[in-house]
Amino acid sequence: MRKTLIWSCALLLSAHRLPAQALPADSLFNRLIGHWVLRGTIARQQTTHDVTFDWMLGRAYVQMHEVSRQRAANGSPAYEAIVLFGRDPRTGEYGCLWLDNTGATAFDPAGTGRGSVTGDSIPFLFHYTATDRFHTTFVYNRASDSWQWHMDNDSSGVRRPLARVTLTRR
């Protein structure tokens, strides 16, 4: 816990010294900005979510807000997430911090993914344990101005699909 706190403080202090930079022109994040409907299969269940991507902090970051249309017994969304995306200006690597209502933590490192833009896709990899990882990949379809979003569990190198969804503009 202490190491995590020290690391988090160091990260915040070092980020404070870097000038805020807008994401580069080659970023696919420009194409994510807006309001979307997510439709497809998550954990073998058909689902529909509303998803919004917005610039924040001088276009240095992108925020995603995802809310399922399905409701929990108490009337709240069955799933809701806030995800922050950014780019390291020194390495060009992209990162995201995933926060959702399925397991609130104090910014567990497992909720942080890393990746690089590859063609028309943005693959992120989350490390849960030494053998368990999670892949989430956004794939842009220029012809339809839509996104495929693939999510896979990865245990000891064996990938199993968790979700196959499509984002279309509202």
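Residues numbered from 1 in each chain as written. Predicted model: local features only at pLDDT ≥ 70, side-chain atom pairs only at ≥ 80, totals over all residues. Heavy atoms only, no water.

1. So, the pattern of salt bridges
Next up, step 1: Under the defined criterion, the tally for this structure stands at 8 salt bridges.
Next up, step 2: Salt-bridge contacts for Arg90 lead to Asp88; the nearest nitrogen and oxygen are separated by 3.6 Å.
Next up, step 3: For Arg142, the salt bridge goes to Asp120, with nearest N and O atoms at 2.8 Å. With Arg142 in the loop between strand S8 (132-141) and strand S9 (146-155) and Asp120 in the loop between strand S6 (112-115) and strand S7 (121-127), this pair connects stretches of sequence that are 22 residues apart.
Next up, step 4: Assessed through its relative accessible area of 46%, Arg142 is described here as partly exposed.
Next up, step 5: What makes Asp120 partly exposed here is its relative accessible area of 26%. (Salt bridge = Lys/Arg side-chain N within 4 Å of Asp/Glu carboxyl O. Helix = DSSP H or I, 4+ residues; strand = E, 2+ residues; numbered from the N terminus. Buried < 20%, exposed > 50% of the residue type's maximum accessible area, 1.4 Å probe, protein only.)

2. Here we look at the pairing of S8
Next up, step 1: For S7 and S8, the ladder comprises 7 bridges, and the chain directions are antiparallel. Each bridged residue has a counterpart across the sheet, and for Ile122 the counterpart in S8 is Phe138.
Next up, step 2: Where S7 hands over to S8, the hairpin turn is made up of 4 residues, counted between the paired strands.
Next up, step 3: In this antiparallel pair of consecutive strands, S8 and S9, the connection spans 4 residues, and Asp145 shows a positive phi of 50°. (Pairing = 2+ DSSP bridges.)

3. Things to note about the sheet that holds S6
Next up, step 1: One closed barrel holds the 10 strands; their spatial order is S1-S2-S3-S4-S5-S6-S7-S8-S9-S10, and the pairing between them is antiparallel. Strand-to-strand, the axes of this sheet are offset by a mean angle of 25°, without reference to chain direction. (Axes fitted to C-alpha atoms, helices over the stretch in contact; angles between N-to-C directions.)

4. A closer look at the nonpolar core
Next up, step 1: By size, the foremost hydrophobic cluster in this structure holds 28 residues, and its most contacted members are Phe53, Phe85, Trp98, Phe124, Trp147 and Trp149.
Next up, step 2: When neighbours within four sequence positions are excluded, Phe53 is seen to be in contact with Leu32, Ile33, Gly34, Trp36, Val62, Gln63, Met64, Phe85, Phe138 and Leu167. (Core = buried A, V, L, I, M, F, W, Y, C linked by side-chain atoms within 4.5 Å. Contact = heavy atoms within 4.5 Å.)

5. Examining the side chain of Asp152
Next up, step 1: Residue position: Asp152 is located in strand S9.
Next up, step 2: Looking at Asp152, the relative accessible area reads 6%, which means it is buried.

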